[in-house]
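# Structural characterization, general
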Amino acid sequence: MSSEKKSAAAKEPLVKVEHLKQYFKVSRKATVKAVDDVSFEIMPGETLGLVGESGCGKTTCGRCVVGMYTPTSGTVTYRGKDVHSLKGKEKKEFNKEVQVIFQDPYASLDPRMTVSEIIGEGMDIHHLYMDKDARRNRIGELLHMVGLNQEHANRFIHEFSGGQRQRIGIARALAVEPKFIMCDEPVSALDVSIQAQVANLLISLQERMGLTYLFIAHDLAMVKHISDRVAVMYLGAVMELADSHELYEHPMHPYTKALMSAIPIADPHTEDTRQRIVLEGEVPSPINPPPGCKFQNRCAYAMECCHKAAPPLEEVSPGHYVACYLCQKGKEAAAAAAEEAK
Ligand code: SF4
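Residues numbered from 1 in each chain as written. Predicted model: local features only at pLDDT ≥ 70, side-chain atom pairs only at ≥ 80, totals over all residues. Heavy atoms only, no water.

On to the domain arrangement of the chain, then. You'll often see interface size given as the accessible area lost when the parts meet. One can read the domain layout of the chain as domain 1 (13-114 + 172-250) and domain 2 (257-342). For domain 1 and domain 2, the distance between their C-alpha centres works out to 24 Å. Contacts between domain 1 and domain 2 engage 24 residues on the former and 21 residues on the latter. Buried surface at the junction of domain 1 and domain 2, both sides included, amounts to about 1,900 Å², of which 68% is carbon and sulfur. Interface area lost by domain 1 to domain 2 is led by Tyr234, Leu235 and Met239, which between them contribute 34%. Here domain 1 is connected to domain 2 by 1 salt bridge. Linking Lys294 and Asp36 is a salt bridge whose minimum nitrogen-to-oxygen distance equals 2.9 Å. (Domains from an automatic or database assignment. Contact = heavy atoms within 4.5 Å. Buried area = accessible area lost by both parts, 1.4 Å probe. Salt bridge = Lys/Arg side-chain N within 4 Å of Asp/Glu carboxyl O.)

As defined by bridge partners, strand 1 (residues 15-25) adjoins strand 2 (residues 31-42) across 9 bridges and the pair is classed as antiparallel. Looking across to strand 2, one finds that Leu20 is bridged to Val38. Once strand 1 ends, the chain turns through 5 residues before running back antiparallel as strand 2. (Pairing = 2+ DSSP bridges. Helix = DSSP H or I, 4+ residues; strand = E, 2+ residues; numbered from the N terminus.)

Among the structural elements, Glu207 can be located in helix 8 (residues 192-209). Counting along the chain gives 85 residues from Glu207 to Gly292, while the straight-line C-alpha distance between them is 42 Å.

Its 14 residues give helix 6 (residues 132-145) an end-to-end C-alpha distance of 20 Å, which sits within 8% of 20 Å, the value for a rise of 1.5 Å per residue. Residues of helix 6 that are buried include every one of Arg135, Arg138, Ile139, Gly140, Leu142, Leu143 and Met145, and no others. Those residues of helix 6 that are buried lie in contact with helix 5 (115-125), helix 7 (162-174) and helix 8. Sitting at the amino-terminal end of helix 6 is Asp131, which places a side-chain oxygen 2.9 Å from the backbone nitrogen of Asp133. (Expected span 1.5 Å × (residues − 1). Buried < 20%, exposed > 50% of the residue type's maximum accessible area, 1.4 Å probe, protein only. Polar contact = N/O pair within 3.5 Å; in protein donor to acceptor, adjacent residues only side chain to side chain.)

What the largest pocket holds in volume is close to 680 Å³. Lining the largest pocket are 27 residues, with Asp37, Val38, Ser39, Val238 and Leu313 positioned closest to its centre. Where the lining of the largest pocket is concerned, the elements lending two or more residues are strand 1, strand 2 and strand 10 (237-243). The element best represented in the lining of the largest pocket is strand 2, accounting for 6 residues. Counted by class, the lining of the largest pocket contains 15 nonpolar, 4 polar and 8 charged residues. The two domains that each donate at least three residues to the lining of the largest pocket are domain 1 (13-114 + 172-250) and domain 2 (257-342). Within this model, the second largest pocket holds a volume of roughly 440 Å³. Surrounding the second largest pocket, 16 residues form its lining, Asn95, Val98, Gln99, Val100 and Phe102 being those nearest its centre. For the lining of the second largest pocket, the leading source of residues is helix 5, giving 4 residues. Here the lining of the second largest pocket is composed, by residue class, of 10 nonpolar, 4 polar and 2 charged. (1 Å grid on protein atoms, 1.4 Å probe; cavity = no way out; pocket = protein on both sides within 12 Å on 5 of 7 lines; lining within 4 Å. Points joined across faces, edges and corners; volume = space filled by probe spheres on them. Nonpolar A, V, L, I, M, F, W, Y, C, P; charged D, E, K, R; others polar.)

Bringing the site of the ligand into the picture now. The full set close to the ligand counts 13 residues, and Cys293, Cys299, Cys306, Cys324 and Tyr325 are the nearest of them. Judged by the proximity of its atoms to the pocket grid, the ligand belongs to the largest cavity. Of the residues that constitute the shell around the ligand, the class distribution is 11 nonpolar, 2 polar and no charged. (Near = heavy atom within 4 Å. Sits in = over half its atoms within 2 Å of the grid points.)

Okay, here's the thing in C-alpha cells:
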C-alpha cells in the first residue's frame, strides 16, 4: 500500500458490509444461498480483491454493495449510510459516486450509440456539463486518460477491439467523477496480452483520481497484482481475508492454499518442483450447502467440529482473518470446540 493509501487507511471505511446475505428463491422449495453471511470493509483509496471460483457469490456480493440487489438480510453502508435506504438527493449522489465496470465490454455498451454518447450519457443525467464545448473537451480528456483519443469519439462500438471497448467502459465510469468503482471481472473477457494493460490502466487511474475499488476476479495472479487486500470466497462465504502480500506469502485456509498452489510460476524449476494441492470432490450446491464448514467435504483436515458449526471469520494475526477451526485454535482447541458443539 502506498503512503497515501496508508494514511487513507487510518480513516473510516468508505464501504462497510455486515452479515450480508443474498438468497434467491428458485422454486417453491429451493433457495440458492448465493451470499451467506459476508462481512468486510473497504478503506478510502484501497483496492479490495474479491476472489473465488465461478459461482462462489462474488459478483452477487458486489452487486449488493453497489445497490443493484436488495439483500435478504445484513447491511451495506457507504460513507456511514445504509445503501439500501438511500432516497432523493442522497441516492442520486450515491449513483454518481459509485460506478461499475462490467466484465463483458461487448454486452455492456450500446452498439447504436457513438462513443461520445456513451461517455456523455452519465454526464447529462447528473447535469455535469451544461456548456457543449466543456462537455466535448471533457469527453476528449477522458478518452486520453484511458489511452484513446478525440478521433474515437464519433465512432461506434463495433469499430473497436475488446481492449479498446473496455477502455471506453472505463471512460464511461469515470465520466461522472466517481469515488468508488466495482470492477466486475473487468479483464477476464480480454486476450491475455491485453489484460495486464487494462489492469495497469486501472491502477494508474486510481492513483491519479484517488479511487477506491472492489475488484472481483477469479484469476488470483491478477488480483494479487492490483489489490491491497484480498478476500477469498467459497460457496457464498469469505474463507480468508488478508493483506495481499501476506495472503500470497502465508495462506492459511486449506482452500486458499489449494488455490495458491495452482497459480503458474514463471521459473520453470520452481514450477516443476513445487507441490500442487489437488482438491477432491465437487463444490456442494448453494441450494443445499453442508452444515458446519462449507469446505468440509473437500478438506483433508476436516474434524468432527467442522461438521457441526460454521467456523467464524476470526483475526488470527494482525489484519489476517481466517474461517477455519484448524487455523484459529489448533487441533486440541478444535477438539474442545467439537465437544462444545455436541
Ligand atoms: Fe477444513 Fe475444518 Fe478448517 Fe473447514 S474448518 S477448512 S473443514 S479444517
